[in-house]
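Read off the chains here:
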Amino acid sequence: MPTVIGFEGSANKIGIGIVRDGVVLSNPRHTYITPPGQGFIPTDTARHHQKYVLEILRKALDEAKLTSKDIDCVCYTKGPGMGAPLVSVAVVARTVAQLWNVPIIGVNHCIGHIEMGRLVTGSDNPTVLYVSGGNTQVIAYSQKRYRIFGETIDIAIGNCLDRFARILMLSNDPSPGYNIEQMAKKGKKLIDLPYSVKGMDVSFSGILSYIEDCAHKMLKANECTPEDLCFSLQETLFAMLVEITERAMAHCGSDEVLIVGGVGCNERLQEMMAAMAEERGAKVFATDERYCIDNGAMIAQAGWEMFCTGNITPWEETWCTQRYRTDEVEVTWRD
């Protein structure tokens, strides 16, 4: 029964989780929150992670009621992500692995989300919609790889929502996307926005530019409310995602959809995806904020799968990379 610890710090959350044979024993995390209207700068985010990582490590071990002697393998996020935060956490993971004298595994962040989603929901072979602050991909498993069927050609959906939240000066606590979701529930007017689907891919930068340009003008002229803008942006973006996901399902003959990543917490996205799936006689699987949002347990779970198939990272390859595509990883643990 291997016990694996996972370190996640690719963006503004530092999380450490412990997993043993598909059971999450602990999963604490801490979020770096900036003032309204601001994003998070990589160097400042790295300092945040450095400040809290040992506290979170102690908490993870305490909650799991384990000591370092109980850990069989250390896993960390190798990429993709922001350079400085990735390195700040990887240094700790490498140090801990050497102190504890256990193997180390570099995990692809995207695959961590997928494997955690599969574990928690029990989905078998789903078409995956991976939506977060830095990634937007439609993925399906085939021949030892998670194949990307469609993706954003510019910015990620989470980045689009975060940047619009800055325009409205919304709070970053607990997250800009969550606060947009709550405001969107009160929206009553659907504003026509650019809809940009290009085959299996999507583009969000033009929609963001358009709404950034017109938001203040429309609000000043009392043509709409901030809630209407949030509602309209969500509806448009999510409709695009549902369209390309359905197309991927048809191509793969899939009857399951798994939504992962931070934006996957959004209940309206889940609702729209469920409506599409129902028409196709398919099922939608999603997790709550414990596992949708970046966390250490997802890195531990993907690392556990790799560890059980002998997929250990050599020390000379325990670096980080900001660009690490989902389909670069050989999935040794699936048939």
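Refer to the structure above for everything that follows.
My aim in this report is to walk through the structure given alongside it, one point at a time. These figures come from a predicted structure and were not determined experimentally.

For the rest of this paragraph, the subject is the overall build of the chain. A tally of helices and strands in the chain yields 10 helices and 13 strands. By the compact-globule yardstick of 20 Å for 335 residues, the chain fits well, its C-alpha radius of gyration being 20 Å. Summarising its shape, the C-alpha atoms of the chain cover approximately 65 × 45 × 30 Å along the three principal directions. Buried residues in the chain amount to 54% of all 335 residues. Taking contacts inside the chain between residues at least 6 apart in sequence as the whole, the part at least 24 apart equals 78%. Taken as a whole, the chain presents about 14300 Å² of accessible surface, with 48% of it coming from carbon and sulfur. Charge centroids of the chain, computed over 32 positive and 41 negative side chains, lie 4 Å from each other.

Another aspect to go through is the packing of aromatic side chains. Considering all chains together, one arrives at one aromatic pair under this definition. Between Tyr141 and Tyr146 the ring centres are 5.7 Å apart and the planes differ by 65°, which places this aromatic pair in the edge-to-face class. Accessibility classification places Tyr141 together with Tyr146 in one group, the buried group. Taking NZ or CZ as reference, Lys78 lies 3.9 Å from the ring centre of Trp319, over its face.

Evaluated as defined, the whole model comprises 10 salt bridges. A salt bridge links Glu246 to Arg280; its shortest N-O distance comes to 3.8 Å. Highlighted residues: Glu246 in helix α7 (residues 226–252) and Arg280 in helix α8 (residues 267–280), separated in sequence by 34 residues. Taking the relative accessible area as the measure of exposure, Glu246 reaches 27% and is therefore partly exposed. Residue class for Arg280 comes out partly exposed when judged on its relative accessible area of 35%.

This part takes up the environment of Thr236. Positionally, Thr236 belongs in helix α7. Sequence-wise, Thr236 and Pro194 are 42 residues apart; in three dimensions their C-alpha atoms are separated by 8.0 Å.

As a further point, take the sheet that holds strand β9 (residues 145–151). Taken together, the five strands give an open sheet; going across it, the order is β9-β8-β7-β12-β13, and neighbouring strands pair in mixed fashion. Only two strands of the sheet have a single partner each, and these edge strands are β9 and β13 (283–286). Strand after strand, the sheet turns through a mean of 25° between neighbouring axes, direction not considered. Pairing analysis gives six bridges linking strand β8 (residues 136–142) to β9, with the strands arranged antiparallel. Across the sheet, Tyr141 pairs through a bridge with Tyr146, a residue of β9. Its contacts with the sheet put α8 on β7 (127–131), β12 (256–260) and β13, and the angle it makes with β13 is roughly 160°.

For helix α2 (residues 83–100), built from 18 residues, the straight-helix expectation of 26 Å at 1.5 Å per residue is met to within 8% by its first-to-last C-alpha distance of 26 Å. Next to the buried residues of α2 lie β1 (3–8), β2 (13–20), α1 (42–64), β5 (73–79) and β6 (104–108). A positive backbone phi angle near 60° is found at Asn101, which sits one or two residues after α2.

Take unusual backbone geometry next. Of the consecutive residues Gly79 and Pro80, the connecting peptide bond is found in the cis state with omega at -5°. Positionally, Pro80 belongs in the loop between β5 and α2. For the bond running from Asp173 to Pro174, omega is 0°, close enough to zero to count as cis. On the secondary structure map, Pro174 appears in the loop between α4 (157–167) and α5 (176–184). Of note, the phi angle at Asp21 is positive, near 50°, even though the residue is not glycine. By secondary structure assignment, the location of Asp21 is in the loop between β2 and β3 (23–26). Positive phi, normally seen in glycine, also occurs at Asn222, with a value near 55°. Mapped onto the elements of the fold, Asn222 is located in the loop between α6 (205–220) and α7.

Take the packing of α4 against α7 next. At a minimum axis distance of 12 Å, the contact between α4 and α7 shows a crossing angle of 170°. Classed by the angle they form, the pair α4 and α7 counts as roughly antiparallel. Contact residues: α4 offers Ile157, Cys160, Leu161 and Phe164, while α7 offers Leu229, Cys230, Leu233, Leu237, Phe238 and Leu241.

Here is what the cut-offs are and how they apply
- Residues numbered from 1 in each chain as written.
- Predicted model: local features only at pLDDT ≥ 70, side-chain atom pairs only at ≥ 80, totals over all residues.
- Heavy atoms only, no water.
- Helix = DSSP H or I, 4+ residues; strand = E, 2+ residues; numbered from the N terminus.
- Rg over C-alpha atoms; globule rule 2.2 N^0.38 Å.
- Buried < 20%, exposed > 50% of the residue type's maximum accessible area, 1.4 Å probe, protein only.
- Contact = heavy atoms within 4.5 Å.
- Areas by Shrake-Rupley, 256 points an atom, 1.4 Å probe, with all protein chains shown as cover.
- Lys, Arg positive; Asp, Glu negative; His and termini not counted.
- Charge placed at Lys NZ, Arg CZ, Asp CG, Glu CD.
- Phe/Tyr/Trp six-rings, centres within 6.5 Å; stacked < 30°, edge-to-face > 60°.
- Lys NZ or Arg CZ within 6 Å of the ring centre and 35° of its normal.
- Salt bridge = Lys/Arg side-chain N within 4 Å of Asp/Glu carboxyl O.
- Pairing = 2+ DSSP bridges.
- Axes fitted to C-alpha atoms, helices over the stretch in contact; angles between N-to-C directions.
- Expected span 1.5 Å × (residues − 1).
- Parallel < 35°, antiparallel > 145°, perpendicular 65-115°, else oblique.

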